[in-house]
Amino acid sequence: MTNEGATKKAETKTTDHNALTTTSNSELEAKHKDSSPVLVKAEEMLERLAEITKETAHKAYEIFQRRGGEFGRELDDWFHAESEVLLPVKVEVTETDDLINVRAAVAGFKPEEVKVSVKDNLLVLTGENKSSEKREDENMIFSEFRSNKFCRRIKLPGDVDGDKVEANLNDGVLQLKLPKLPPKEAKQIPVNAS
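Starting from 1, residues in each chain are numbered consecutively following that chain's sequence as written. Since the coordinates come from a predicted model, pLDDT governs what is reported: local features require at least 70, and pairs of side-chain atoms require 80 or more to be given and counted, while whole-chain, interface and lining totals use all residues. Excluding hydrogens and water, the side-chain values take into account all heavy atoms of the structure.

Draft legend 1. Fine view of the environment of Leu123. Helix and strand labels come from DSSP, where a helix needs a run of H or I of at least four residues and a strand needs a run of E of at least two; each type is numbered from the N terminus. Along the polypeptide, Leu123 turns up in strand 5 (residues 122-128). A 1.4 Å probe rolled over the protein chains alone gives each residue an accessible area, and that area as a share of the maximum for its type sets the label: buried under 20%, exposed over 50%, partly exposed in between. On the basis of relative accessible area, Leu123 is assigned to the buried category, the value being 0%. As for Leu123 and Arg152, which are separated by 29 residues in sequence, their C-alpha atoms are 8.1 Å apart. Excluding anything up to four places from it in sequence, Leu123 contacts Val102, Val116, Ser117, Val118, Arg152, Arg153, Ile154, Leu156 and Leu176. By the convention used here, residues are in contact when the closest approach between their heavy atoms is within 4.5 Å.

Draft legend 2. Highlighting the pairing of strand 8 (residues 173-179). Here seven bridges tie strand 3 (residues 99-105) to strand 8, and the two strands are oriented antiparallel to one another. Its bridge partner being in strand 8, Arg103 is matched across the sheet by Gln175. Pairing between strands requires that DSSP locate at least two bridges from one strand to the other. Pairing of strand 7 (residues 166-170) with strand 8, which is carried by five bridges, proceeds in the antiparallel orientation. Note that in strand 8 the partner of Asn168 across the bridge is Gln175. Turn length for the strand 7-strand 8 hairpin, with the two strands adjacent in sequence and antiparallel, is two residues, and the turn residue Asp171 shows positive phi of about 50 degrees.

Printed below as a string of structure tokens:
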């Protein structure tokens, strides 16, 4: 490739990156509708985690009350509630010298229903689809079919560059490529006498 061709390619990449960082959330979601999940800020994801925790706590309390309010099995109630509120998601994390790869099984979710957040070495994956059946004539005792959302929080083996994450969803498998940040070098701090 000639210098001129390489320069044009670099300019195109810079323009694409600048366009991506200046688009609104709705435009960004529209761009990602093909097979890329939505990347969101860590603060938004933390709010989502708080909502899920509150919903799980509410469900656990309902289960506690339904079994007569007997103390001593609260942890069982929590796990029972969590299994009703959240779908289990299997995850695989691998790494190379400069990249961390994550695969997550999220069958049944469209790319726009999956949100990915990464900050330093913490990766959070959430998803929710709106399809839910409501039966008024039955009293639900337990159902793992009711859950239409998932949430996984994964501590990565190193810090990653959140601006360069690639996310792709194909055949129910979310694939993430997370470029590693170079290790921070220790700084020597001089000690002054006073």
